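Working through the structure, step by step
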Amino acid sequence: QSPSTTAPDTAAQPPTPPAAGLPAADAAPPVTTAPQTVPSEKLAKAEEEVTTKQAAAEEAKQQAQSVTERLESIHKAIANERDLLKTARQKENNTRETLQALNGDLEKKWVEGSTWAQLKDLRRQIAEAEKRVSEAATEIRERSDRIDARQSELAALQTEQIAALREAETKAQDAAAAVKKVEEL
């Protein structure tokens, strides 16, 4: 066929409207919008549900992350307190050794015949060492108490973390189910 005898391309041209009052012979039946509106409403509601559930899932995920960060902070605080407790115990041991040495010197000098007045400086040093031992023992108790309090806080926070992770997982599953529902529509 020659180019002049081929049919014109009607797909690219808009259809010619029928004469006024006459139905088009090849016109499609009128499209009803009611069936399309119902799925569109369902789809819109489902998409809104997806958005809501994804936001809730993200919020739950952030909450779980926040709890995890607080747990890490408490672990670091406990480790720090343990280091300080170890230092306090070493200080107490050193002070006890000093006290023991001073008491030994006092006894030796007393046995050698030193007068009580001559031992005044040594007794002052012993009193200071006893005070330092007492202060170190107090610090050890306080640090131990802080560790116990942090351990209790840690246990409560671990329980909170478990609940937050479960909630985040549940909300993520809810969001995934909502996405699947939208895909099915």
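About the thresholds
- Residues numbered from 1 in each chain as written.
- Predicted model: local features only at pLDDT ≥ 70, side-chain atom pairs only at ≥ 80, totals over all residues.
- Heavy atoms only, no water.
- Helix = DSSP H or I, 4+ residues; strand = E, 2+ residues; numbered from the N terminus.
- Buried < 20%, exposed > 50% of the residue type's maximum accessible area, 1.4 Å probe, protein only.
- Contact = heavy atoms within 4.5 Å.
- Salt bridge = Lys/Arg side-chain N within 4 Å of Asp/Glu carboxyl O.
- Phe/Tyr/Trp six-rings, centres within 6.5 Å; stacked < 30°, edge-to-face > 60°.
- pLDDT = per-residue confidence, 0-100.

**Let's talk about the overall build of the protein chain**
- Along the protein chain, the regular secondary structure elements total two helices and zero strands.
- A burial count over the protein chain gives 20% of its 185 residues as buried.

**Regarding the environment of Leu 106**
- Mapped onto the elements of the fold, Leu 106 is located in helix α1 (residues 34-111).
- Note: C-alpha distance between Leu 106 and Lys 120 (14 residues apart in sequence) is 9.8 Å.
- Residues in contact with Leu 106, not counting those within four places in the same chain, are Leu 119, Leu 122, Arg 123 and Ile 126.

**Brief notes about the pattern of salt bridges**
- Across all of its chains, the model carries 12 salt bridges by this definition.
- Notably, a salt bridge pairs Glu 81 with Arg 143, separated by 3.2 Å at the nearest N-O pair. In this pair, Glu 81 sits in helix α1 while Arg 143 sits in helix α2 (residues 120-184), placing the two residues 62 residues apart along the sequence.
- Overlapping salt bridges, with partners in common, bring together Glu 81, Lys 91, Glu 139, Arg 143 and Arg 146 in one network.

**Section: the packing of aromatic side chains**
- Per the counting criterion, the structure on display carries one aromatic pair.
- Ring centres 5.5 Å apart and planes at 90° place the aromatic pair Trp 110 and Trp 116 in the edge-to-face group.

**Overview of the environment of Lys 109**
- Mapped onto the secondary structure, Lys 109 falls in helix α1.
- Considering only alpha carbons, one finds Lys 109 and Leu 122, 13 residues apart in sequence, at a separation of 9.7 Å.
- When neighbours within four sequence positions are excluded, Lys 109 is seen to be in contact with Ser 114, Leu 119 and Leu 122.

**Comments concerning the side chain of Gln 161**
- Secondary-structure assignment places Gln 161 in helix α2.
- Judged by its relative accessible area of 18%, Gln 161 is buried.
- Once residues lying within four places of it in the same chain are set aside, the contact partners of Gln 161 are Val 67, Thr 68 and Leu 71.

**A look at the confidence of the model for the protein chain**
- Confidence in the prediction for the protein chain averages 84 pLDDT; 79% of positions are at 70 or higher.
- Under a pLDDT of 50 for its full length, residues 18-29 has, in the predicted model, two contacts with residues more than four places off or in other chains.
- For residues 31-36, every residue scores under 50 in pLDDT, and the model assigns this stretch one contact once sequence neighbours within four places are set aside.

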